[in-house]
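What follows is the residue order along each chain.
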Amino acid sequence: MQGFKSKVVGLTMPWACCVAASAGWLPGQARAADSGLPLCAGVGAVSVMLAGQGALESIAFDQQGRLLYTRLFNGELVRLDSPQAAPAIVAVGVDSPGGIAVTGPREAYVGVGNGLTGFAPSLAKAGIVKVDLDNGQVTPHVSGLSMANGLARAADGTFYASDDLAASLDRVLPDGTVQRTWLRQNSNGLAISKDQKTLYVNQMVPASILAVDRATGQTSVVANAPPARKWSWLDGLDIDDQGRLYVVSYWAGEVWRLDPASRQMCLLTSGLSLPSAVAVGRAGGAYRATSIYITTHSGRLHEVPGAVPLKAGAP
């Protein structure tokens, strides 16, 4: 996940945040009306679940319904068992973590090497590690990727890893073959459709949501950001059971909901500071299936209730 940010271990915060702060402006100050998007109906007020967590890069639910997220500069994968629980460190030594892909009841894969070397995909400095969610063991899976900022895994075992700093979208075949720059495409957040046929991609700049046919690599635009958000830098992405997409707009401090079928898009929440990734709630655990959960580079974890409609057909 994500956004045009310096992600070199040893820095204390993304350089882009520093530039904005020195200019007297930070994301979240834009008014909701500025987006040009209609407000999504029935959405509750955003709340802060955790603060002071450091730069948070990615977020996902495990198969037990627990929330996983990464601390970018700490190199940690962290678990939150419930909204009231204290964070528990699952694994350390996850170097410059990028996206998370949960693949089983006791395992997750995390992108690593998510840094400025993404400017030069040919350096191939990124990779993917496997994390045992029970004992925290970190095992290298593949290397030689461009950046691994966003990460998605298809049901057939194919991985996709994004590069938000260059035109490179990598693919890793089930046998481990790395196809670096499978597509010459600037890419950030990734999500796979429920029928497994389509890879959805957040293009960071200019801000657009794309659909990639997994069989052919053919790419089409699902939706462009509204004109006022063309350069707002799209970051994390998730998909719900009805196929609706949840899109993070980094500099705007917003999250949008998009129905790829109707091409309708609406504004779920605004006023966030440096949102980086989003996860749709899961039924059967301590979290609400109708909420979304958002990590930020400003160290906060948010919940937005009522963000996920129970019925199909909502934009």
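Residues numbered from 1 in each chain as written. Predicted model: local features only at pLDDT ≥ 70, side-chain atom pairs only at ≥ 80, totals over all residues. Heavy atoms only, no water.

Draft legend 1. Structural detail: the overall build of the protein chain. When helices and strands are tallied, the protein chain shows 1 helix and 24 strands. Looking at the protein chain as a whole, 60% of its 315 residues qualify as buried. Taking all contacts inside the protein chain whose residues are at least 6 apart in sequence as the whole, residues at least 24 apart take part in 51%. Taken as a whole, the protein chain presents about 11,900 Å² of accessible surface, with 51% of it coming from carbon and sulfur. (Helix = DSSP H or I, 4+ residues; strand = E, 2+ residues; numbered from the N terminus. Buried < 20%, exposed > 50% of the residue type's maximum accessible area, 1.4 Å probe, protein only. Contact = heavy atoms within 4.5 Å. Areas by Shrake-Rupley, 256 points an atom, 1.4 Å probe, with all protein chains shown as cover.)

Draft legend 2. Geometry of the sheet that holds strand β3 (residues 67-71). Strand order in the open sheet made by the 4 strands is β2-β3-β4-β5, with antiparallel pairing throughout. Among the strands making up the open sheet, the edge pair consists of β2 (56-61) and β5 (88-91). Averaged over all pairs of adjacent strands, the angle between strand axes in this sheet comes to 30°, irrespective of strand direction. Of the pairings in the sheet, the one linking β2 to β3 comprises 4 bridges and is antiparallel in character. Bridge pairing links L56 to R71 in β3. (Pairing = 2+ DSSP bridges. Axes fitted to C-alpha atoms, helices over the stretch in contact; angles between N-to-C directions.)

Draft legend 3. Local environment of the side chain of T269. Locating T269 in the fold gives a position in strand β21 (residues 264-269). If we ignore the near neighbours within four places in the chain, the residues touching T269 are V46, G253, E254, V255, I294 and V304.

Draft legend 4. Highlighting the confidence of the model for the protein chain. For the protein chain, the average pLDDT comes to 90, and 89% of its residues sit at 70 or higher. Contacts of residues 1-30 to residues separated by more than four positions or lying in other chains number 91 contacts, the stretch itself having pLDDT below 50. (pLDDT = per-residue confidence, 0-100.)

Draft legend 5. Main features of the side chain of E57. As for its placement among the helices and strands, E57 is situated in strand β2. A relative accessible area of 0% means that E57 is categorised as buried.

Draft legend 6. Representation of the sheet that holds strand β17 (residues 219-224) within the structure. Across the sheet, 4 strands lie side by side as β14-β15-β16-β17; this open sheet has antiparallel pairing. With one partner strand each, in any of the chains shown, β14 (190-192) and β17 form the two edges of the open sheet. Taking the axes of each pair of neighbouring strands and ignoring which way they run, one obtains an average angle of 25° across the sheet. Sheet analysis places strand β16 (residues 208-213) next to β17, joined by 5 bridges and oriented antiparallel. By the bridge assignment, L210 is partnered in β17 with V221.

Draft legend 7. Representation of the environment of D240 in the model. Among the structural elements, D240 can be located in the loop between β18 (234-239) and β19 (245-249). With 46 residues separating them in the primary sequence, D240 and K194 have C-alpha atoms 8.8 Å apart. When residues no more than four places from it in sequence are discounted, the contact partners of D240 are K194, Y246, V280 and V308. Polar side-chain contacts of D240 include one of 2.8 Å to the backbone nitrogen of Q242. Of the polar contacts made by the side chain of D240, one reaches the backbone nitrogen of G243; its length is 3.0 Å. (Polar contact = N/O pair within 3.5 Å; in protein donor to acceptor, adjacent residues only side chain to side chain.)

Draft legend 8. Summary view of the nonpolar core. Ranked by size, the top nonpolar core spans 18 residues in total, and within it Y200, I209, L245, V247, W256, L258 and M265 carry the most contacts. When residues of this core are traced back to their parent elements, those giving at least two are β16, β17, β18, β19, β20 (254-259) and β21. With 3 residues, the top contributor of residues to this core is β18. L258 has contacts with I209, V222, A223, R244, L245, R263, Q264 and M265, leaving out every residue within four places of it along the chain. (Core = buried A, V, L, I, M, F, W, Y, C linked by side-chain atoms within 4.5 Å.)

Draft legend 9. A look at the pairing of strand β12 (residues 167-172). Within β12, 5 of the 6 residues are buried, which leaves it mostly tucked inside the rest of the structure. Where strand β11 (residues 159-162) folds back onto β12 in an antiparallel hairpin, the turn is made up of 4 residues. Bridge count for β12 against strand β13 (residues 178-186) is 4 bridges, and the pairing is antiparallel. Bridge assignment links V172 to a residue of β13, and that residue is V178. Connecting β12 to the next strand, β13, in antiparallel fashion are 5 residues, including G176 with a positive phi near 95°.

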